[in-house]
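# Chains, contacts and geometry: an overview
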Amino acid sequence: MLMMYHLPYVLLMLIYFALLASIFTKQATFKYKKVTQISSGALIIVLFANLLSTIIFGRYSDIPETNIVVVSTGIFAGHALISWLFDLLDRRFHQDWLRVIYYIGMGLVVLTSYYAGIDTYSTRPIDGMIGTTVIICSLVVACTIPFFGMALLMDFFTMRHHAPKNYKFKPTQDKINHYREHGLSEQEIVFFRQQMAEAKERIENIEVEMNKVAKLRVIENRHNLVAVSKQYFKDIVKEPERVAQAGIFLNKLLPSLEDLTAKYTEISSHVAKNKQTYLILEKSAQTIDNICESITESYVHFHQSLYNDLQDEIKLANRALNKEIDNTTNQDTIDELVSDPFNFEEE
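Remember, it's a predicted structure, so these values are computed and weren't measured experimentally.

Rules and cut-offs
Residues numbered from 1 in each chain as written. Predicted model: local features only at pLDDT ≥ 70, side-chain atom pairs only at ≥ 80, totals over all residues. Heavy atoms only, no water. Helix = DSSP H or I, 4+ residues; strand = E, 2+ residues; numbered from the N terminus. Buried < 20%, exposed > 50% of the residue type's maximum accessible area, 1.4 Å probe, protein only. Contact = heavy atoms within 4.5 Å. pLDDT = per-residue confidence, 0-100. 1 Å grid on protein atoms, 1.4 Å probe; cavity = no way out; pocket = protein on both sides within 12 Å on 5 of 7 lines; lining within 4 Å. Points joined across faces, edges and corners; volume = space filled by probe spheres on them. Nonpolar A, V, L, I, M, F, W, Y, C, P; charged D, E, K, R; others polar. Patch = residues over 30% accessible without salt bridge, like charges linked within 9 Å, V, L, I, M, F, W, Y side chains within 5 Å. Areas by Shrake-Rupley, 256 points an atom, 1.4 Å probe, with all protein chains shown as cover. Salt bridge = Lys/Arg side-chain N within 4 Å of Asp/Glu carboxyl O. Lys, Arg positive; Asp, Glu negative; His and termini not counted. Charge placed at Lys NZ, Arg CZ, Asp CG, Glu CD. UniProt positions renumbered as here; feature names shortened; annotations may be inferred.

## Quick look at the overall build of the protein chain
Assigned secondary structure in the protein chain consists of 13 helices and 0 strands. Ordered by position in the sequence, the α and β elements of the protein chain form the string α-α-α-α-α-α-α-α-α-α-α-α-α. Among the 347 residues that make up the protein chain, the fraction classed as buried is 37%. Once local pairs closer than 6 in sequence are excluded, the contacts in the protein chain between residues at least 24 apart make up 76%.

## Let's talk about the confidence of the model for the protein chain
Across the protein chain, the average pLDDT comes to 80, with 76% of residues at or above 70. Across the protein chain, the secondary-structure element scoring lowest on mean pLDDT is helix H13 (residues 331-337), at 49, and the one scoring highest is helix H9 (residues 225-238), at 94. Of the regions scoring below 50 in pLDDT, residues 60-66 engages in 17 contacts with residues more than four places distant in sequence or in other chains. Below pLDDT 50 for its whole length, residues 337-347 participates in 13 contacts with residues either more than four positions away or in separate chains.

## Digging into empty space enclosed by the protein
With the rule as written, the count across this model stands at 1 cavity of 30 Å³ or more. Of the voids in this model, the largest cavity is the one considered here, and its volume is about 30 Å³. Contributing to the lining of the largest cavity are Ile203, Ile206, Glu207, Leu225, Val226 and Ser229. A breakdown of the residues in the lining of the largest cavity according to their chemical character gives 4 nonpolar, 1 polar and 1 charged.

## Some points on a positive patch on the surface
A cluster of basic residues, Lys26, Lys31, Lys33 and Lys34, forms a positive patch at the surface. Its place among the elements puts lysine 26 in the loop between helix H1 (2-25) and helix H2 (32-57). Lysine 26 gets classed as exposed once you look at its relative accessible area, which sits at 52%.

## Quick notes on the UniProt feature "coiled-coil region" (unreviewed entry) in the protein chain
UniProt records the feature "coiled-coil region" (unreviewed entry) for residues 189-216 in the present numbering. Taken end to end, residues 189-216 has its terminal C-alpha atoms 35 Å apart, with 89% of it in helix and 0% in strand.

Structure, rendered in structure tokens:
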């Protein structure tokens, strides 16, 4: 009887932690909101199950002191609250160190729920559930407040003092409305503008450095880098909700390229060079060329849906032609009429 009573809760806990593990392992797409939704859903299931038990049986019997219902309620409630709070912090500050604190907090919620569940348990499990939930939620809020203060101070002394020069210009109302129409909150608009101002400054610096040295001009002409980067920038501004898809371009490729081109032009300007210097320049030029190629690939990937739509239209046109032409018509003739440039299969 006791095992049958505990089994659904054990299964729910196993499924819950499996879902958390799948979310935490996908760092690129991690969102606090997902954890909040899963935790809230699990909490609702537990509360609903206990409500049914109360209605059907009228009371709990033969339940051990360390009740899994009490502990699971504390875990689900604590995880839902801490995920919601850190989602607000992440939207406001966008500081990576908060993720580490969040993981630690998630673990502490589990431990605290277990021990609080033992201490608050009574002959009526509902008292233990309420007591554990109150303790966990109070601790989560109390422990989050200091980190909010730390994030606020770091934001003030770093982001505000090192904002790009282009960021000081206020956006037009039309631009703000554009951001809002694409689902950005006020905090997200601020962060997005800072991020894009940095990207614009980097592209301008890269363009200047590329024009200083003949070798870099050759690389730039080969990849049409500046034009691609500027168009990429415009496309991100056009669809700001997709900025995460351009994260590699904005946060890795552009900063690396800006740094490498500046160092390359500086070393190239040295009057005296030895064999090692030329080797370093050659290796740097190859790396710059690879980064330029990666930027082009990132741009193509950003517009992959457009290419897929065009591919579907070409296939649809081929089908329409195939239906109109007699079955005896040579298939090669049809392919010549409407060729599929996206068909890379070997013949």
